[in-house]
Amino acid sequence: MTAIMDVKTNPGGNFNWISPIYDALAFVVFGRKLQQAQALFLSAIPPKASVLLVGGGTGWLLEQVLVRCRPERVLYLETSSRMVARATRRMAHKSLLGMVEFRVGDETSLRSGEQFDVVITPFLLDLFSENTLQIRLIPRLLSALKPGGMWLVTDFVAPSVWWQKILLWAMIRFFRLIAGIETRKLANWQQYLADAGLVLQARKSQVGGMVSAEVWVR
Ligand SMILES: C[S@@+](CC[C@H](N)C(=O)[O-])C[C@H]1O[C@@H](n2cnc3c(N)ncnc32)[C@H](O)[C@@H]1O
């Protein structure tokens, strides 16, 4: 495992201490809807793919990827060492450990020349400011995606309904306070993926329109 991140070095915040209650919190607010949205396009992943899963939290999606997609290799890249510990325990419990490399770190922890058929970012892009997305996160992850490769994104999008606007505002405030995420407002990540040269292949609106599950291709 590479260097352990902390809130000072990671604009995506420090999710260590919230890790024991993160899944329960998400369930209280959204039920299973956030998980369902993340799994929508897993069937698009070809068998024997190499997969980079970034910011997977406690590992629910990782288990789905391993069981449903039969990948050749998965790199689980997470800045929170406690989230990684939870994901590791979950995979050990299901006897799925051998198929995954767990790495505590962020996009800068990717090694030069490391490339994948599929990149997955579940509720990751919403943590960052426009600047970080454009200058750092999207370019680094894009360079780890093979030409013709697929980037599966599930994330919040700007809502039009008043109560969703309030909920999103409250969530950003909460995670700024608790985890120290840098962003103050939801960045237009769809625009930045397009600006980076990715092409949108499929999109499904979820959770009453406040979440979008998307497939982008390099
Ligand atoms: C909002 S949580 C989402 C967790 C999980 N995907 C889910 O939906 O339950 C964001 C996760 O991304 C991780 N994270 C934040 N910045 C990151 C980065 N630059 N690279 C990798 N992981 C990051 C956090 O530690 C946290 O576990």
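Counting of residues starts from 1 at the beginning of each chain's written sequence and follows it residue by residue. Side-chain atom pairs in this predicted model are given and counted only at pLDDT of 80 or more, local residue features only at pLDDT of at least 70, and totals for whole chains, interfaces and linings cover all residues. The side-chain quantities take in all heavy atoms of the structure and omit both hydrogens and water.

If you check an unreviewed UniProt entry, the chain appears there as Methyltransferase type 12 from Spirosoma linguale.

Caption draft 1: Structural view of the sheet that holds strand β3 (residues 100-104). A pair of strands is treated as paired once DSSP finds two or more bridges between them. Numbered from the N terminus, helices here are DSSP runs of H or I no shorter than four residues, and strands are runs of E no shorter than two. Across the sheet, seven strands lie side by side as β3-β2-β1-β4-β5-β7-β6; this open sheet has mixed pairing. Each having just a single partner strand, β3 and β6 (199-206) make up the two edges of the open sheet. The average undirected angle you get between the axes of adjacent strands in this sheet is 15 degrees. Pairs of residues are marked as contacts when any of their non-hydrogen atoms sit within 4.5 Å. Lines are fitted to the C-alpha atoms to define the axes, a helix being fitted only along its stretch in contact, and any angle between axes, read from their N-to-C directions, falls within 0 to 180 degrees. Docked against the sheet, helix α3 (residues 60-69) engages β1 (50-54), β2 (73-78), β3 and β4 (116-122), running at close to 175 degrees with respect to β2.

Caption draft 2: Region of interest: a nonpolar patch on the surface. Grouping into patches uses exposed residues only, defined as over 30% relative accessible area, and leaves out salt-bridged ones; the cut-off is 9 Å for like charges and 5 Å for nonpolar side chains (Val, Leu, Ile, Met, Phe, Trp, Tyr). Exposure was quantified through the Shrake-Rupley algorithm and a 1.4 Å probe, taking into account, for residues, occlusion by the shown protein chains and nothing else. By salt bridge we mean one thing: a side-chain nitrogen of Lys or Arg within 4 Å of a carboxyl oxygen of Asp or Glu. Taken together, the side chains of W17, I21, L25 and F174 define a hydrophobic patch exposed on the protein surface, amounting to about 370 Å² of accessible area. Residue placement: I21 occurs in the segment before α1 (22-30). Relative accessible area serves as the criterion here: at 41%, I21 is assigned to the partly exposed category. Partly exposed residues are those whose accessible area sits between 20% and 50% of the maximum for their type, while under 20% is buried and over 50% is exposed, using a 1.4 Å probe and protein chains only.

Caption draft 3: Broad picture of the site of the ligand. One heavy atom within 4 Å of a molecule or strand makes the whole residue count as near it. In the neighbourhood of the ligand, 22 residues make up the surrounding shell, with Q38, G55, E78, E107 and P122 lying closest. Pairs of N or O atoms within 3.5 Å make up the polar contacts considered here, provided that, within protein, one atom can donate a hydrogen while the other can accept it, and that residues adjacent in sequence are counted only when both atoms are side-chain atoms. Within the side chain of T79, an N or O atom sits 3.2 Å from an oxygen atom of the ligand. Computed on the free molecule, the ligand has an accessible area of 590 Å², of which 95% lies beneath the protein chains in the complex. Taking a 2 Å distance to the grid points as the criterion, the majority of the atoms of the ligand fall inside the largest pocket. Residues are grouped as follows: Ala, Val, Leu, Ile, Met, Phe, Trp, Tyr, Cys and Pro are nonpolar; Asp, Glu, Lys and Arg are charged; all remaining types, including Gly, are polar. Residue classes in the shell around the ligand are distributed as ten nonpolar, nine polar and three charged. Residues are said to line a cavity or pocket when one of their atoms sits within 4 Å of a point; the points come from a 1 Å grid over protein atoms alone, cavities being sets where a 1.4 Å probe fits but cannot get out and pockets being open sets with protein on both sides within 12 Å along at least five of seven lines. Grid points define the cavity or pocket, and a molecule sits in it when more than half of its atoms lie within 2 Å of them.

Caption draft 4: How the structure looks around the layout of surface pockets. Of the voids in this model, the largest pocket is the one considered here, and its volume is about 900 Å³. Taken together, 47 residues form the lining of the largest pocket, with F15, Y22, P122, F123 and F175 sitting closest to its centre. Where the lining of the largest pocket is concerned, the elements lending two or more residues are α1, α2 (33-39), α3, β2 and α6 (162-178). In terms of residue class, the lining of the largest pocket is built from 28 nonpolar, 13 polar and six charged. Grid points are joined across faces, edges and corners, and a volume is the space filled by probe spheres set on the points.

Caption draft 5: Broad picture of empty space enclosed by the protein. The tally for this structure, following the rule as stated, stands at one cavity of 30 Å³ or more. As a volume, the largest cavity reaches approximately 50 Å³. As for the largest cavity, its lining consists of A37, Q38, L40, F41, I120, L152, V153, T154, A213 and E214. For the lining of the largest cavity, the secondary-structure elements that each account for two or more residues are α2, β5 (145-156) and β7 (211-217). In terms of residue count, the dominant contributor to the lining of the largest cavity is β5 (three residues).

Caption draft 6: How the structure looks around the packing of aromatic side chains. Each pair of aromatic rings taken from Phe, Tyr and Trp, with Trp reduced to its six-membered ring, is defined by centres within 6.5 Å and is described as stacked if the planes are under 30 degrees apart, edge-to-face if over 60, and tilted in the remaining cases. Tallied over the full model, the rule gives seven aromatic pairs. For the pair F15 and Y22, a centre-to-centre distance of 6.2 Å together with 65 degrees between the ring planes defines the contact as edge-to-face. Residue class for F15 comes out buried when judged on its relative accessible area of 11%. With a relative accessible area of 24%, Y22 lands in the partly exposed category. Relative to F102, the ring of Y76 has its centre 5.5 Å away and its plane inclined at 70 degrees; by these criteria the two rings are edge-to-face. With Y76 in strand β2 and F102 in strand β3, the pair connects residues that are 26 residues apart, well separated along the chain. Accessibility classification places Y76 together with F102 in one group, the buried group. Three or more aromatic residues joined by ring pairs form one cluster here, namely F15, Y22, F174 and F175.

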